[in-house]
Amino acid sequence: MTIKQNIQEKDGTTLRNIISEACLAFKNHSTFEQEAAFLSRFTYCMKTKLRHCKGLKTIAKVNQALLRYLRMNVLHHLETFSHALPETYSDVMYMPARNMLLYLLVRLQGFGKLMVRLVETTQVAASTLEQLITLGHMWKIYFLAYGIVSRIYTLSRNIVKYACRLYSLLLPFVPVLQNSTVNWLPKSYILPKDPHLWLETECLDDLPENVPTDKPFLSLLNCDMGDSDEELFIDRANIEKVTPVHSVEDKPERTTEDLGIPVLQNSNVKKRRKKKKKDTKLNLQTVDDLKLFEKDFKSNPEKYSDNFKKLDKMQCSMLHKLVLKCLKKSLKSVNNPVIVDACLAEVRSALSCL
C-alpha cells in the first residue's frame with residue numbers, strides 16, 4: 001500500500017539502495033539452498049539405514065529448520081517493498097506506508113530467530129556426528145554429513161549477521177514513513193533497537209568476515225574415497241616408530257607386606273560334588289535282550305531317562321513302536337538268524353542316532 005507523503009530525496013534514495021542491496025543478497029543464497037537440498041536428499045536416502053542413529057535425528061532437526069527457512073521467503077517481501085518505492089523523487093510522491101516497513105521488520109525478527117535456531121541445531125548435529133566418526137563405524141557416511149552440516153553452520157551465521165545489519169539499517173526509517181490508517185502493530189509492542197541483544201545468542205562472536213561460497217560442497221563428491229580407510233589420512237611411510245619410554249618415577253614401588261587376607265588351608269569345608277548318573281547300557285545281542293528292553297521301556301521309562309534326554313513323548317512313542325515291531329518280526333522268525341540279526345541291527349541303529 002502506497003500513500004502520498006513528503007519525504008526527502010536523500011532518505012528515499014538511501015532506502016531504495018538498502019532494499020536493492022538486500023534483494024541482491026538474498027538472491028545470492030543459491031549455495032546455501034544447494035547445501036540444504038543435499039542435506040534433504042541425504043536424510044531421505046539414509047532414513048531407513050540409520051533409523052536408530054541419534055546423529056540422523058539431529059540432522060532431521062536441521063532439515064526441518066531449513067524447510068521453515070524456505071517457507072518464510074523473505075525475498076518475496078523485500079521485492080514487494082522494493083516495487084512500491086518510486087524510481088524518481090519529488091516533493092510529494094507515493095511511498096510505502098509505515099505498516100509495510102513494520103511488517104518487514106517483524107519478518108526479519110522471525111527470520112533471525114529461525115536462523116539462530118538453525119545455527120544451534122547444526123552445532124548439536126556436528127558434535128554428535130563427531131562422536132560417531134571417532135567410533136570408526138560407517139565413518140565415510142558420517143563424515144559426509146559432518147561436512148554438509150559444518151558448511152550450513154558457517155553460511156547460517158553469515159546470514160544471521162546480515163539480517164541483523166539489515167534490520168538496523170531499516171529501523172531508522174520507521175518515523176520517516178507515514179500511515180494512512182491505524183498502525184499495524186499494537187502500541188505496547190516495542191521494536192528492539194539492537195537485534196544482537198534481542199536474539200540473545202553468542203553465535204555471532206568471532207565470525208569471519210569473508211567466507212568462500214563460490215565452491216559448493218557437491219564438488220567434493222567427485223573425489224575418490226579409496227578402498228582403504230587408513231590411506232586417506234595416514235601415510236605409513238612417514239610414521240616414525242616411537243618406543244615408549246618409562247621413567248623410574250612412573251614405576252610403582254614394590255612392597256614386601258602381605259596385603260591379602262589369610263586363608264585357612266586346613267578348612268573343614270567340603271565341597272559337594274554332584275554324582276553323575278551313569279547311562280544304562282543297552283546291549284541288544286539276542287531276542288531276549290530286545291524283549292527285556294521293550295518290557296522295561298514300556299513299564300518303567302524313567303530307567304532310560306538319561307539315555308533319551310532329548311526325546312519328547314511323541315518321539316518316545318515312535319521309538320517304542322519301532323522296537324515292538326522289530327520284536328514281533330524277530331519272534332515270528334526265530335529260526336531264521338538273518339531276519340533276527342536284521343531286526344536287532346535296525347533297533348541298534350535307531351538307538352545310536354539318538
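Being a predicted model, the structure only gives us computed values, none of them experimental.

Undergrad: Even after reading the chapter, I still don't get the confidence of the model for the protein chain, so can you show me in this structure?
TA: It should be kept in mind that the predicted coordinates are not to be read in detail where pLDDT is low. Averaged over every residue, the pLDDT of the protein chain is 75; the share at 70 or more is 69%. Contacts from residues 276–280, a stretch scored under 50 in pLDDT, to residues over four places away or in other chains number seven contacts.

Undergrad: Would you mind showing me how to read the pattern of salt bridges here?
TA: Pairing between side chains of opposite charge can happen when the charged atoms of each approach one another. What the rule picks out here adds up to three salt bridges. The salt bridge involving Arg165 is made with Glu21; its shortest N-O contact spans 3.7 Å. Highlighted residues: Arg165 in helix H6 (residues 139–170) and Glu21 in helix H1 (residues 9–27), separated in sequence by 144 residues. Since its relative accessible area comes to 42%, Arg165 is described here as partly exposed. Classification of Glu21 as partly exposed rests on a relative accessible area of 40%. Linking Glu79 and Lys27 is a salt bridge whose minimum nitrogen-to-oxygen distance equals 3.8 Å. Remark: Lys27 occurs in helix H1 and Glu79 occurs in helix H4 (residues 74–83); sequence separation between them is 52 residues. The exposure class assigned to Glu79 is partly exposed, which follows from its relative accessible area of 25%.

Undergrad: In this structure, what is going on with H4? I would like to understand it.
TA: Helical geometry note: an α-helix holds 3.6 residues per turn, so side chains three or four residues apart project in the same direction. Within H4, the full set of buried residues consists of Val74, His77, Leu78, Phe81 and Ser82. Angularly, the buried residues of H4 cover 135° about the axis, an arc narrow enough to put them on a single face.

Undergrad: I keep staring at the packing of H1 against H4 and nothing clicks. Help me out?
TA: Describing two packed helices takes the angle between their axes plus the distance from one axis to the other. Two elements in contact, H1 and H4, have axes separated by 9 Å at closest approach and are oriented at 150°. Comparing the axis directions of H1 and H4 gives the class roughly antiparallel. Pair H1 / H4 crosses with left-handed handedness. Along the contact surface, H1 presents Leu15, Arg16, Ile19, Ala22, Cys23, Phe26 and Lys27, while H4 presents Val74, Leu75, Leu78, Glu79, Phe81 and Ser82. In the contact of H1 with H4, the residues fall into nine nonpolar, one polar and three charged.

Undergrad: Looking at this model, I keep getting lost on the nonpolar core. Mind explaining?
TA: Across soluble globular proteins, nonpolar side chains show a tendency to be buried alongside one another. Among the nonpolar cores identified, the biggest contains 67 residues, and Ile19, Phe32, Leu78, Phe81, Phe111 and Leu170 are the most heavily contacted of them. For this core, the secondary-structure elements that each account for two or more residues are H1, helix H2 (30–46), helix H3 (54–72), H4, strand E2 (92–96), helix H5 (98–135) and H6. Ignoring any residue separated from it by four or fewer positions in sequence, one finds Ile19 in contact with Leu78, Phe81, Ser82, Leu85, Leu104 and Leu170. Listed in part, the 14 residues of the second largest apolar core include Leu290, Val323, Leu327 and Leu351.

Undergrad: What exactly am I supposed to notice about empty space enclosed by the protein here?
TA: Empty space among the atoms becomes visible once a probe the size of a water molecule is rolled across them. By the definition in use, this model includes one cavity of 30 Å³ or more. Taken as a whole, the largest cavity spans an internal volume of roughly 60 Å³. Every residue along the wall of the largest cavity is listed here: Leu108, Gln109, Gly112, Ala163, Cys164, Tyr167, Pro195, Trp198 and Leu199. Every element with two or more residues in the lining of the largest cavity is listed here: H5, H6 and helix H7 (195–199).

Undergrad: Sorry, what's going on with the packing of aromatic side chains here?
TA: Here the distance between the centres and the angle between the planes together describe a pair of aromatic rings. Using the criterion set out here, one finds six aromatic pairs in the structure. Consider the rings of Phe26 and Tyr162, whose centres lie 6.3 Å apart with planes at 65°: the pair is edge-to-face. Separated by 136 residues along the polypeptide, Phe26 in helix H1 and Tyr162 in helix H6 bring together distant segments of the chain. The residues Phe26 and Tyr162 share a single accessibility class, namely buried. Geometrically, the ring pair formed by Trp139 and Phe143 is edge-to-face, given 6.5 Å between the ring centres and 75° between the ring planes. Taken together, the residues Trp139 and Phe143, both in helix H6 and four residues apart, mark about one turn of the helix.

The rules behind the values
- Just so you know, the residues in each chain are numbered from 1, in the order the chain's sequence is written.
- Given that the model is predicted, a residue must reach a pLDDT of at least 70 before its local features are reported, and side-chain atom pairs must reach 80 or more before they are shown or counted; all residues, however, enter totals for whole chains, interfaces and linings.
- Where side-chain values are given, they derive from all heavy atoms of the structure, hydrogens and water being excluded.
- Residue-level confidence of the predictor is summarised by pLDDT, bounded by 0 at the bottom and 100 at the top.
- Contact definition: two residues touch when any of their heavy atoms are within 4.5 Å.
- Here a salt bridge means any side-chain nitrogen of Lys or Arg lying within 4 Å of a carboxyl oxygen belonging to Asp or Glu.
- Runs of E in the DSSP output that reach at least two residues are strands. Runs of H or I that reach at least four are helices, and both are numbered from the N terminus.
- Exposed residues in this analysis have more than 50% of their type's maximum accessible area, buried residues have under 20%, and partly exposed residues fall in between, with area computed by a 1.4 Å probe over protein chains only.
- Working definition: the arc comes from the directions between the helix axis and the C-beta atoms, pointing outward to the latter.
- To define axes, lines are fitted to C-alpha atoms, for helices over the stretch in contact only, and angles between the resulting N-to-C directions are given on a 0 to 180 degree scale.
- Any angle from 65 to 115 degrees is called roughly perpendicular, while one under 35 is roughly parallel, one over 145 is roughly antiparallel, and all others are oblique.
- Left-handed describes a crossing whose near helix is turned anticlockwise from the far helix through less than a right angle; right-handed describes the clockwise counterpart.
- When residues are grouped by polarity, Ala, Val, Leu, Ile, Met, Phe, Trp, Tyr, Cys and Pro land in nonpolar, Asp, Glu, Lys and Arg in charged, and all others, Gly among them, in polar.
- Each nonpolar core is a collection of buried residues, namely Ala, Val, Leu, Ile, Met, Phe, Trp, Tyr and Cys, held together in the definition by side-chain atoms within 4.5 Å.
- Buriedness for pockets is judged along seven lines, at least five of which must meet protein on both sides within 12 Å for an open set on the 1 Å grid over protein atoms alone, while cavities are sets there where a 1.4 Å probe fits but cannot get out, and lining residues have an atom within 4 Å of a point.
- Grid points are joined across faces, edges and corners, and a volume is the space filled by probe spheres set on the points.
- Working definition: a ring pair exists when centres of Phe, Tyr or Trp rings (six-membered ring for Trp) sit within 6.5 Å. Plane angles under 30 degrees give stacked, over 60 give edge-to-face, the rest tilted.

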